[in-house]
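Here is how the chains run, residue by residue.
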Amino acid sequence: MKNLILEVKNITKEVNSPEGLLTIVKDINLTVEQGKPISLVGPSGSGKTTLLAIMAGLDLPTFGTVNLLGSEITSLDEDKRAQIRGQDVGFVFQSFHLMPRLTALDNVMLPLEISGDPYSMDKAQEALKKVGLSKRAKHFATQLSGGEKQRVAIARSIVNKPKILFADEPTGNLDKKSSDSISDLLFSLNEIIQTTLVLVTHDLFLAEKCKEVYELSEGQIL
Ligand SMILES: Nc1ncnc2c1ncn2[C@@H]1O[C@H](COP(=O)(O)OP(=O)(O)O)[C@@H](O)[C@H]1O
Ligand SMILES: [Mg+2]
């Protein structure tokens, strides 16, 4: 039996624009099996970020359903979706989204502090260790290189041991060398903490490290 952790059925997203109704994602179907990373590729503007936001429960589609980790998130309200995201979903973005005035450790602790976790410090230190950044724990985010910032962001995203990790162009702001080590790290997470990667990228080479590659063009899967 396949253990599906994400099932996307007939997802369409329409938005109002000055030019009238615009279909930015059209009739998407895809599935993700636990432990099998998938990638979504396509040029800028093809709808990757929009689709990712819908799959992760950050946004709602106009039509269609998304079942994420056993819950049909497209029929849940924002509070319930936020609860699922907080417990079982991790996010990594191109631009890191760190708090510049906080140290690496405090950035990783932040989501745990907000949820009142009494073990936030221990868990954050452990997550920084997993991304190979223990030595930079006391550095402020502004004092880190791009690759180090992304390691901190990854540590933060895995601190709750999410079952699924959505990464949107995670190497988009990095040089070749950092990009390679960040992608190696992302692909190793399934072994380290059993989290399944959903990778959005315009980098075909990176995408093809996933067995399952979905190609988007003008909002549709080719
Ligand atoms: N809220 C919105 N309103 C109008 N157009 C949008 C909105 N969000 C995205 N778009 C448009 O939808 C298309 C797909 O965007 P996006 O999902 O960000 O693509 P990608 O991540 O592949 O670059 C783009 O043309 C973008 O301008
Ligand atoms: Mg995008």
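Residues numbered from 1 in each chain as written. Chains lettered and ligands numbered in written order. Predicted model: local features only at pLDDT ≥ 70, side-chain atom pairs only at ≥ 80, totals over all residues. Heavy atoms only, no water.

Peer 1: Please set out the site of ligand 1 residue by residue, giving values where relevant.
Peer 2: Around ligand 1, the surrounding shell consists of V15, I24, P43, S44, G45, S46, G47, K48, T49 and T50. In the environment of ligand 1, an oxygen atom lies 2.7 Å from a nitrogen or oxygen atom belonging to the backbone of G45. A distance of 2.5 Å separates an oxygen atom of ligand 1 from a polar atom in the side chain of T50. In isolation ligand 1 has 560 Å² of accessible area, and contact with the protein removes 56% of it. Top contributing element to the shell around ligand 1 by residue count: helix α1 (residues 48-55), with 3 residues. (Near = heavy atom within 4 Å. Polar contact = N/O pair within 3.5 Å; in protein donor to acceptor, adjacent residues only side chain to side chain. Areas by Shrake-Rupley, 256 points an atom, 1.4 Å probe, with all protein chains shown as cover. Helix = DSSP H or I, 4+ residues; strand = E, 2+ residues; numbered from the N terminus.)

Peer 1: Residue-level account of the environment of F140, with values.
Peer 2: The topology assignment puts F140 in the loop between α4 (120-130) and α5 (146-158). Once the C-alpha coordinates of F140 and I11 are considered, the two residues, 129 residues apart in sequence, prove to be 41 Å apart. When near neighbours in sequence (up to four residues on either side) are disregarded, F140 contacts P100, R101, L102 and T103. (Contact = heavy atoms within 4.5 Å.)

Peer 1: An account of the packing of aromatic side chains is requested, with residue identities and associated values reported.
Peer 2: Counted by the stated rule, this structure contains 2 aromatic pairs. Pairing F91 with F93 gives two aromatic rings, centres 6.1 Å apart and planes at 5°, and the pair type is stacked. Relative accessible area serves as the criterion here: at 17%, F91 is assigned to the buried category. For the ring pair F91 and F166, a centre distance of 6.1 Å and an interplane angle of 25° mean the geometry is stacked. With a gap of 75 residues between them, F91 in strand β6 (residues 89-93) and F166 in strand β7 (residues 164-168) connect regions that are remote in the sequence. Here a set of aromatic residues connected by ring pairs shows up, and it is made of F91, F93 and F166. (Phe/Tyr/Trp six-rings, centres within 6.5 Å; stacked < 30°, edge-to-face > 60°. Buried < 20%, exposed > 50% of the residue type's maximum accessible area, 1.4 Å probe, protein only.)

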